[in-house]
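Close look at the chain arrangement
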Amino acid sequence: MKLFTTTLLAASICLGTVFPADAGNIVGSVKAWQYMQANGWKSADGMDDNTLHNMLYQASVIDNYPWTKQFLLRVRGGGPIFLADKKTHTIRQLKLSPVGETYNDIETVYQGEDKGEGCYFAIIDNKYSVRLQAEESVLYSYPKVDNIDNELAKVRQKFSPQVVTVIPDNCVNKQQQAALAAKRSEEDRKLQQWVAQQSLAELCRRTGNC
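A brief look at the structure comes next.

How each quantity is defined
- Residues numbered from 1 in each chain as written.
- Predicted model: local features only at pLDDT ≥ 70, side-chain atom pairs only at ≥ 80, totals over all residues.
- Heavy atoms only, no water.
- Helix = DSSP H or I, 4+ residues; strand = E, 2+ residues; numbered from the N terminus.
- Buried < 20%, exposed > 50% of the residue type's maximum accessible area, 1.4 Å probe, protein only.
- Areas by Shrake-Rupley, 256 points an atom, 1.4 Å probe, with all protein chains shown as cover.
- Pairing = 2+ DSSP bridges.
- Salt bridge = Lys/Arg side-chain N within 4 Å of Asp/Glu carboxyl O.
- Phe/Tyr/Trp six-rings, centres within 6.5 Å; stacked < 30°, edge-to-face > 60°.

**Quick look at the overall build of the chain**
Helix and strand counts for the chain stand at five helices and nine strands. Listed N to C, the secondary structure of the chain is β-α-β-α-β-β-β-β-β-β-α-α-β-α in terms of helices and strands. For the chain, buried positions account for 34% of its 210 residues. Approximately 13,100 Å² of the chain is accessible, and the part contributed by carbon and sulfur atoms is 51%.

Next up, the structure:
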């Protein structure tokens, strides 16, 4: 797939679940919508090409792995999120309504290890902006509220993070994951080697002591 430049299931999943450290892992970016079109991608919800071009230019590609059936596209700057279906080669914008009315409050997680609930992409509203506003109202109210700690606890309970959408997908393929890790290690080694060479060349140029 030459995309890069370098059935929704509502569920209530406990946020105490230990999510992977690479939650919302950005693995690339979209060069432009026209390049996706050239590879057969189309809109599943009738969005026009001009809108898609504006929204997806340099959009982040999130958690796209060889074993997954889908991946996420996120408008640059933490904007709206699209679900990309690899089988149908279609994308559609997820209809999300964050409580704080800002997409910056939306987080994504790929749960690639089955912990008894299968594997999935989870979309989370962390409610940060509205929680912060409510906390400031308590902290800076006049006259001061009684028992500030208690009121703050109520605010944090009311605006605690919430899983709003779950999208089932495949679990991690350990063999493919290992191959990807090995490839990244080799690329990192080559990059480090190149940096060392360039640094040595620059040192020689500056000192003339080669």
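Having seen it, we continue.
**Section: the sheet that holds strand β5 (residues 81-85)**
An order of β1-β3-β4-β5-β6-β2 is seen for the six strands of this open sheet, with the pairing classed as mixed. The open sheet is flanked by β1 (26-29) and β2 (42-43), the only strands paired with a single partner. Bridge count for β5 against strand β6 (residues 90-93) is four bridges, and the pairing is antiparallel. Bridged to Ala84 within β6 is Ile91.

**Digging into the pattern of salt bridges**
Tallied over the full model, the rule gives three salt bridges. In this structure, the salt-bridge partner of Lys115 is Glu113, at a minimum N-O distance of 3.9 Å. Two residues, Arg156 and Glu135, come together in a salt bridge whose shortest N-O distance is 2.8 Å. Taken as a pair, Arg156 in helix α4 (residues 148-158) and Glu135 in helix α3 (residues 128-139) lie far apart in primary sequence, 21 residues in all.

**Structural notes on unusual backbone geometry**
For the bond from Tyr142 to Pro143, the omega torsion is 0°, close enough to zero to count as cis. In this model, Gln58 sits at a positive phi of 60°, which is unusual for a non-glycine residue. Here Gln58 lies in the loop between α2 (49-56) and β3 (60-62). Taking relative accessible area as the criterion, Gln58 reaches 43% and is therefore assigned partly exposed. One non-glycine residue with positive phi stands out, namely Asp63, at about 50°. If you trace the backbone, Asp63 turns up in the loop between β3 and β4 (70-74). For Asp63, a relative accessible area of 0% translates into the label buried.

**A look at the packing of aromatic side chains**
For the coordinates displayed, the defined rule picks out four aromatic pairs. Centre to centre, the rings of Tyr65 and Trp67 are 5.0 Å apart; their planes meet at 5°, and the pair counts as stacked. Here Tyr65 falls in the buried class, since its relative accessible area comes to 8%. Residue classification places Trp67 among the buried residues on the basis of a relative accessible area of 8%.

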